[in-house]
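Chains, contacts and geometry: an overview
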Amino acid sequence: MRHDTAPEPAGNPVHGGRRVVMLVDNAVDGDSRVQKAARSMADAGWQVTLLGQSPDRKPRHWMLGDAEVRLLPLERHLNRRRHEFRRAFVRHPLAYRPGGIAAYRERQARAWRADLLVRRAAEGRSLFLRRLAAKLLVRWTGLRRGQLRRAQERRKHLDTLGDRMWTAAVRAVMRERSWRRLEPYLWDYEFAFGPEVDRLRPDLIHANDFRMIGVGARAAARARGEGRTVKLVWDAHEYLPGIKPRAQQHRWLPAHCAHEREYAARADAVVTVSETLAELLRRDHRLPELPAVVLNAPGGEGPVEEPGEPAPDLRALCGIGADVPLIVYSGAPAEQRGLRTVIEALPQLPGVHAAFVVLTARSSYMKGLLARAAELDVADRVHVLPYVPHWQVVGFLSGADVGLIPIHHWPNHELALITKFMEYAHARLPIVVSDVRTMADKVRETGQGEVFRAEDTGDFVRAVRATLAAPDRYRAAYDTPGLLDAWTWQAQAQVLDAVYRSLLCPEVSGRPAALTSPIGVN
């Protein structure tokens, strides 16, 4: 397929006007790592276009410093399973076929019955046989619709014996290619992003996370087929085998792991968020060298049109004064993030307020948390606030007394210092963190906070009380020379720029012997 090509970028004295296309499977807003990477690489002289996923069907466009951001509509056609289009004849022979006919037939029967009741009252006639027939039809359509619901519920998680056997057979036969049958919706990203990447004719593709590595690898392969050399950088944000599956069905994780295995080795360079994860990626994908480490560190500048705009006042948004104890959580709202522990602890922390700074304040999960807070009679001390721009995060969070990381034990949670850890540190907040390995070890090493047992409300209460009782003792850890300097995005941008230069401009600067951040996180 041929696509219109983008205009050639202007030359750059260092990078020769090399074009970089970054790919991410979200709407960019709320993804501070991607925003900072795009902005800082554009500031370094690369011609950066960041392609993200539109939250609706409308394309969007804006500038992030000198980086261009485009959000592309994603049409989902391959996210449904073939059994969702078929009738379940064996177990549910009376079920309607999927597709909406069940609701239509049931409502049609109810309408007939309602009409007969009105006619009976208006005409004074019994209409007994017709009413009986309508009543039986309502029951019949309800029975058939109920069977359809049960059939759909049974296959919802794809964990029946037949589903598991089929999944195992596909994985055994197709191996890394098995995602094509297990999660074919990944092709929808190809159809949304692939043509635009081809049109831009990049010199380097920076694919973020596990969905975009396939899009980037296929685009690079097409370019080679046309006689162009395109380098591929894979930015692995998390350890995929260790995450909680993002869909509650049996095939999601093995399918995405297969997709990652198929394309990971095609990357010309790999970057990731911690040294521990770098070692795992090299082992799992047999990479020729250790991935570069680019920490999820805070920093980066705001847009030129908003120079020095102050961060919002966290306490003012919560409606509380400076003397009120305030603990804050900033990040994604999900059960595995441990926010429920915070709510359950508030009755044992009288006078303490909790702020949750989240992207999706009206999600069903957050509504459930607020309902639980109301049951515990602490709703007046819970404040749900929206994200602020990434360059304002540190100043915004500094209004709190304690930063919270109450996440549960999942393999992926054990491997790195996450973004909020370093944001809390730059805000000079004592940190209360669950006993996930890397972050707990760092807190014990530096003395910047307290560690509690994950999902243990009583131990969480103890840790919060300790930090609120002597905050200056924990903040003193941030006076350690070099600690906060290493946890800055400016230091990480140098690493990423060196990766780009090693691939595209070896004549300017060869690749350093060890592309790691100034501080390890093991």
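In case you missed it, the structure is sitting above this.
Described in the following lines is the structure provided in the data block. Per chain, residues are indexed from 1 in the order of the written sequence. Where totals are concerned, whole chains, interfaces and linings use all residues; where local detail is concerned, this predicted model gives features only for residues with pLDDT of at least 70, and gives and counts side-chain atom pairs only at 80 or more. Excluded from the side-chain calculations are hydrogens and water; all other atoms, namely the structure's heavy atoms, are used.

Helix and strand content of the protein: 19 helices and 14 strands. Along the longest, intermediate and shortest principal axes, the C-alpha atoms of the protein span 90 × 65 × 45 Å. Between buried and exposed lies partly exposed: a residue is buried under 20% and exposed over 50% of the maximum accessible area for its type, with that area taken using a 1.4 Å probe on protein chains only. Here the protein holds 522 residues, and the buried ones make up 52% of them. By definition in these notes, contact holds between two residues if any of their heavy atoms fall within 4.5 Å. Contacts in the protein between residues far apart in sequence, at least 24 positions, make up 72% of those at least 6 positions apart. In short, Shrake-Rupley with a 1.4 Å probe defines the accessible areas, and a residue's cover is counted only from the protein chains shown. Surface summary for the protein: the accessible area is close to 24400 Å², and the carbon and sulfur share equals 51%. His is not counted, nor are the chain ends, whereas Lys and Arg count as positive and Asp and Glu as negative. Note that the charge is assigned to NZ on lysines, CZ on arginines, CG on aspartates and CD on glutamates. Here the protein contributes 77 positively and 61 negatively charged side chains, and the mean placements of these two sets differ by 13 Å. Counting from the N terminus, the helices are DSSP H or I runs at least four residues long and the strands are E runs at least two residues long.

Another aspect to go through is empty space enclosed by the protein. Here a cavity is any set of points on a 1 Å grid over the protein atoms alone where a 1.4 Å probe fits but cannot get out, and a pocket is any open set with protein on both sides within 12 Å along at least 5 of 7 lines; a residue lines the site when it has an atom within 4 Å of a point. Grid points are joined across faces, edges and corners, and a volume is the space filled by probe spheres set on the points. On inspection of all chains with the given rule, the structure shows one cavity of 30 Å³ or more. Approximately 40 Å³ is the volume found for the largest cavity. Around the largest cavity sit V197, D198, P202, I205, A219, A223, R228 and V230, which together line it. Every element with two or more residues in the lining of the largest cavity is listed here: helix 6 (186–200) and helix 7 (209–225). Residues of the lining of the largest cavity, tallied by class, amount to six nonpolar, no polar and two charged. Charged residues are taken to be Asp, Glu, Lys and Arg, nonpolar residues to be Ala, Val, Leu, Ile, Met, Phe, Trp, Tyr, Cys and Pro, and polar residues to be all remaining types, Gly included.

A word on the sheet that holds strand 5 (residues 204–208). Here, any two strands with at least 2 DSSP bridges between them count as paired. The sheet built from eight strands is open, its strands ordered 3-4-2-1-5-6-7-8 with mixed pairing. Bordering the open sheet on either side are strand 3 (60–64) and strand 8 (292–293), each of which pairs with just one other strand. As paired strands, strand 3 and strand 4 (residues 67–72) are joined by five bridges and run antiparallel to one another. Bridge pairing links H61 to R70 in strand 4.

Take Q147: it is sitting in helix 3 (residues 128–154). For Q147, a relative accessible area of 12% translates into the label buried. A distance of 3.1 Å separates a polar side-chain atom of Q147 from the backbone nitrogen of L94. If near-sequence neighbours (up to four positions away) are discounted, Q147 is found in contact with H92, P93, L94 and A95. Under the rule applied, a polar contact is a pair of N or O atoms within 3.5 Å (in protein, one hydrogen donor and one hydrogen acceptor; residues adjacent in sequence only if both atoms are side-chain atoms).

Note on terminology: a nonpolar core comprises buried Ala, Val, Leu, Ile, Met, Phe, Trp, Tyr and Cys residues joined through side-chain atoms within 4.5 Å. The biggest cluster of nonpolar side chains holds 65 residues, and the ones touching the most others in it are L314, V328, F356, L404, F421 and W487. Here this core gets five residues from one element, more than from any other, and that element is strand 10 (residues 353–358). Excluding its chain neighbours within four sequence positions, the residues that come into contact with L404 are I327, V328, Y329, V342, K420, Y424, V432, F460 and V464. Core analysis: the next-biggest nonpolar cluster, separate from the first, contains 47 residues, F193, M212, A223 and A236 among them.

Turning our attention to helix 1 (residues 32–43). Between the first and last residue of a helix there are one fewer steps than residues, each counted as 1.5 Å, and that sum is the expected span. If you check helix 1, its first and last C-alpha atoms are 16 Å apart, about what 12 residues at 1.5 Å a residue would give, namely 16 Å. Where helix 1 is concerned, the buried positions are S32, R33, V34, Q35, K36, A37, A38, R39, S40, M41 and A42.

What follows concerns the sheet that holds strand 10. Across the sheet, six strands lie side by side as 11-10-9-12-13-14; this open sheet has parallel pairing. The two strands at the open ends of the sheet, each matched to only one other strand, are strand 11 (382–386) and strand 14 (449–452). When the angles between neighbouring strand axes are averaged without regard to direction, this sheet yields 25 degrees. Relative to strand 11, strand 10 runs parallel, the two sharing five bridges. Considered in strand 11, the bridge of F356 is made with V384. Angular values range over 0 to 180 degrees, each being the angle between N-to-C directions of two axes fitted as lines to C-alpha atoms, with helices fitted over their stretch in contact. Sheet strands touched by helix 12 (residues 364–375): strand 10 and strand 11. Its angle to strand 11, the strand with the most contacts, is close to 160 degrees.

Patches here: salt-bridge-free residues with over 30% relative accessible area, like charges joined within 9 Å, nonpolar side chains (Val, Leu, Ile, Met, Phe, Trp, Tyr) joined within 5 Å. By definition here, a salt bridge exists when the distance from a side-chain nitrogen of Lys or Arg to a carboxyl oxygen of Asp or Glu is within 4 Å. Residues L94, W112, L137, W140 and L143 make up a contiguous nonpolar surface patch of roughly 420 Å² in combined accessible area. Looking at the nonpolar patch, the element that brings in the most residues is helix 3, giving three residues. Looking at where W112 falls in the secondary structure, it is placed in helix 2 (residues 101–123).

Taken N-terminus to C-terminus, the directions of helix 7 and helix 8 (residues 252–264) make an angle of 35 degrees; their axes are 9 Å apart at the nearest point. Between helix 7 and helix 8 lies a crossing of left-handed hand. Residue-level inspection shows F210, R211, I213, G214, A217 and R218 of helix 7 in contact with helix 8, the latter providing W252, H256, H259, E260, Y263 and A264. Residue classes in the contact of helix 7 with helix 8 are distributed as six nonpolar, three polar and three charged. Handedness of a helix crossing follows the sense of rotation of the near helix relative to the far helix, less than a right angle counterclockwise being left-handed and clockwise being right-handed.

The next subject is the packing of aromatic side chains. Ring pairs are drawn from Phe, Tyr and Trp, using the six-membered ring of Trp, whenever the two centres fall within 6.5 Å, and their geometry is named by plane angle: stacked under 30 degrees, edge-to-face over 60, tilted for the rest. For the coordinates displayed, the defined rule picks out 10 aromatic pairs. Seen from their ring centres, W46 and Y500 are 5.5 Å apart, and the 80 degrees between their planes marks the pair as edge-to-face. Linking W46 in the loop between helix 1 and strand 2 (47–53) with Y500 in helix 19 (residues 489–504), this pair joins segments that are 454 residues apart in sequence. A single burial state applies to W46 and to Y500, both of which are buried. Ring centres of F421 and W487 lie 5.7 Å apart, and the angle between their planes is 80 degrees; on these two criteria the pair is classed as edge-to-face. You can see F421 sitting in helix 14 (residues 419–426) and its partner W487 sitting in the loop between helix 18 (483–486) and helix 19, a full 66 residues away along the chain. We classify F421 as buried; its relative accessible area is 0%. Residue W487 is classed as buried on the basis of its relative accessible area of 0%. Members of the aromatic cluster, each reached through a chain of ring pairs, are W179, W187, F191 and Y263. Note on geometry: a ring has a charge over it if NZ (lysine) or CZ (arginine) is within 6 Å of the ring centre and within 35 degrees of the ring normal. For R144, the ring lying beneath its charged end belongs to Y96, and the centroid distance is 4.0 Å.

Another aspect to go through is the pattern of salt bridges. For the coordinates displayed, the defined rule picks out 34 salt bridges. As a salt-bridge pair, R33 and D235 come within 3.0 Å of each other at their nearest N and O atoms. With R33 in helix 1 and D235 in strand 6 (residues 231–236), this pair connects stretches of sequence that are 202 residues apart. D163 is the partner of R251 in a salt bridge, and the nearest nitrogen-oxygen pair spans 3.3 Å. Pair noted here: R251 is in the loop between strand 6 and helix 8 and D163 is in helix 4 (residues 161–174), with a separation of 88 residues, a long-range link. Of the two residues, R251 and D163, both sit in the buried class. Ionic contacts of the salt-bridge type, sharing partners, join the residues E450, R453, D456, D459 and R462 into one network.

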